[in-house]
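Next come the chains, spelled out residue by residue.
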Amino acid sequence: MAQTAATPSDDADFLLHSLQDAFEAKKRYDASPEEMLEFYRQMLLIRRFEEKAGQLYGLGLIGGFCHLYIGQEAVAIGLQSALDNDRDSVITGYRDHGHMLAYGIDPKVIMAELTGREAGISKGKGGSMHMFSTEHKFYGGHGIVGAQVALGGGLALAHQYNEDGGICLAYFGDGAANQGQVYETFNMAALWNLPIVFVVEDNQYAMGTSTKRSSAETRFYRRGTSFRIPGMEVNGMDVLEVRAAAEVAFAHVRAGQGPVLMECNTYRYRGHSMSDPAKYRTREEVQEQRDHHDPIEGLKKALLESGKTEEDLKAIDKAIRAEVSNAADFAETSPEPESSELYTDVLVGEY
């Protein structure tokens, strides 16, 4: 008699809700006052940096495309604050400034890259979309939608092969979630038990089409089910909730239990890029998000309740504005690359 296949509830290996259950049991990270203040400072740095980048783009000092991270700050800070900067790697798409800042990379070299200057982190040749730093284990900044997911699988394989104890954090958006290469990578990551956390930053509109119109399954954390990858659904507008989810997901991966798929529900305040007027949504919708779900204002409220004063937080904002202004001045006064740079970094120099 043929044996009946086990149902998900009977198959211990198929309890894909286990991480969500652990996360639900403690949905907010118990941050110390110092950690909360640092999360606030880091998110505010991203916000002010991106606002300045928008201004420089408007002045014509940033060319090409420019995709701002305003509104999504809690995702990068909540996740990357839990990484080991000496071992772990990060890879993302072309909305990448915030992820670089979250990894502690100098705002000056990021702004210099945005403006195409020699001092930029990619020597001024990558611009907004194609930043890279092997020193910081930040592997882009990729303009091809979804390509970073497959490359992230390769980074995870390198961690596994080298036995360095690192994990890869691979970000992609709700638009990229419908790419075939994403699912090929899911399959290989699960098959080879790779140390990788796939993070869908669901900002709801991809390049300009709402997820409800473009995706048959709009709860992206369930997309790993057929590959036996456990999923997690997280409020990406709450940095303490994101950090709590990171603790659960990263512990799972570091224990050698394979990949995790995390969906961070977030919201971008600007259009897909600076050239997008975002007419596919109302001003009222955006304002409602700013008024009631802003990640920075949410943490600010918690800080005030914990005893910090408005003056304390204003001082932080003032210092960050000065830091960003200095970064912009540095970028504007730095020289452009020499013409000879056109011929460098085209081919791999050594293997």
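On a predicted model such as this, the values are computed, not experimentally measured, just so you know. (Residues numbered from 1 in each chain as written. Predicted model: local features only at pLDDT ≥ 70, side-chain atom pairs only at ≥ 80, totals over all residues. Heavy atoms only, no water.)

Draft legend 1. Structural view of the overall build of the protein chain. Broken down by element type, the protein chain carries 12 helices and 5 strands. The C-alpha radius of gyration of the protein chain comes to 20 Å, within 12% of the 20 Å expected for a compact globule of 351 residues. Across its three principal axes, the protein chain shows a C-alpha extent of roughly 80 × 55 × 40 Å. The burial tally for the protein chain puts 52% of its 351 residues in the buried class. (Helix = DSSP H or I, 4+ residues; strand = E, 2+ residues; numbered from the N terminus. Rg over C-alpha atoms; globule rule 2.2 N^0.38 Å. Buried < 20%, exposed > 50% of the residue type's maximum accessible area, 1.4 Å probe, protein only.)

Draft legend 2. Spotlight on the sheet that holds strand E4 (residues 231–235). With parallel pairing, the 5 strands of this open sheet are ordered in space as E1-E2-E3-E5-E4. Only two strands of the sheet have a single partner each, and these edge strands are strand E1 (89–91) and E4. Between one strand axis and the next, the sheet turns through 20° on average, direction left out of account. On the sheet, helix H1 (residues 18–25) packs against E4 and strand E5 (260–265) and is oriented at approximately 30° with respect to E4. Against the sheet, helix H9 (residues 239–254) makes contact with strand E2 (168–173), strand E3 (196–202), E4 and E5, and its axis sits at roughly 160° relative to E4, the strand it touches most. (Pairing = 2+ DSSP bridges. Axes fitted to C-alpha atoms, helices over the stretch in contact; angles between N-to-C directions. Contact = heavy atoms within 4.5 Å.)

Draft legend 3. Up close: H1. Leu19, Gln20 and Phe23 are the residues of H1 that are buried. Looking down the long axis of H1, one finds its buried residues gathered within 100° of arc, a one-sided arrangement. Elements in contact with the buried residues of H1: E4, H9 and E5. (Arc of directions from axis to C-beta.)

Draft legend 4. Focus on the pairing of E3. For E3, the tally of buried residues reaches 7 of 7 residues, placing the bulk of the element in the interior. Alternating positions in E3 separate into two faces, Ile196, Phe198, Val200 and Asp202 on one and Val197, Val199 and Glu201 on the other, with burial throughout. Both E2 and E3 contribute to a ladder of 6 bridges, which runs parallel. Bridge pairing in E3 links Ala170 to Phe198.

Draft legend 5. Local environment of the packing of aromatic side chains. As enumerated under the stated definition, the model contains 10 aromatic pairs in all. Judged by centre distance (5.3 Å) and plane angle (35°), the rings of Tyr205 and Tyr280 are tilted. Of this pair, Tyr205 sits in the loop between E3 and helix H8 (211–214) while Tyr280 sits in the loop between E5 and helix H10 (283–293), and the two are 75 residues apart along the sequence. Overall, Tyr205 belongs to the buried group, its relative accessible area being 9%. Looking at Tyr280, the relative accessible area reads 27%, which means it is partly exposed. Its guanidinium or amino end placed over the ring of Tyr29, Arg243 lies 4.3 Å from that ring's centre, counting from NZ or CZ. (Phe/Tyr/Trp six-rings, centres within 6.5 Å; stacked < 30°, edge-to-face > 60°. Lys NZ or Arg CZ within 6 Å of the ring centre and 35° of its normal.)

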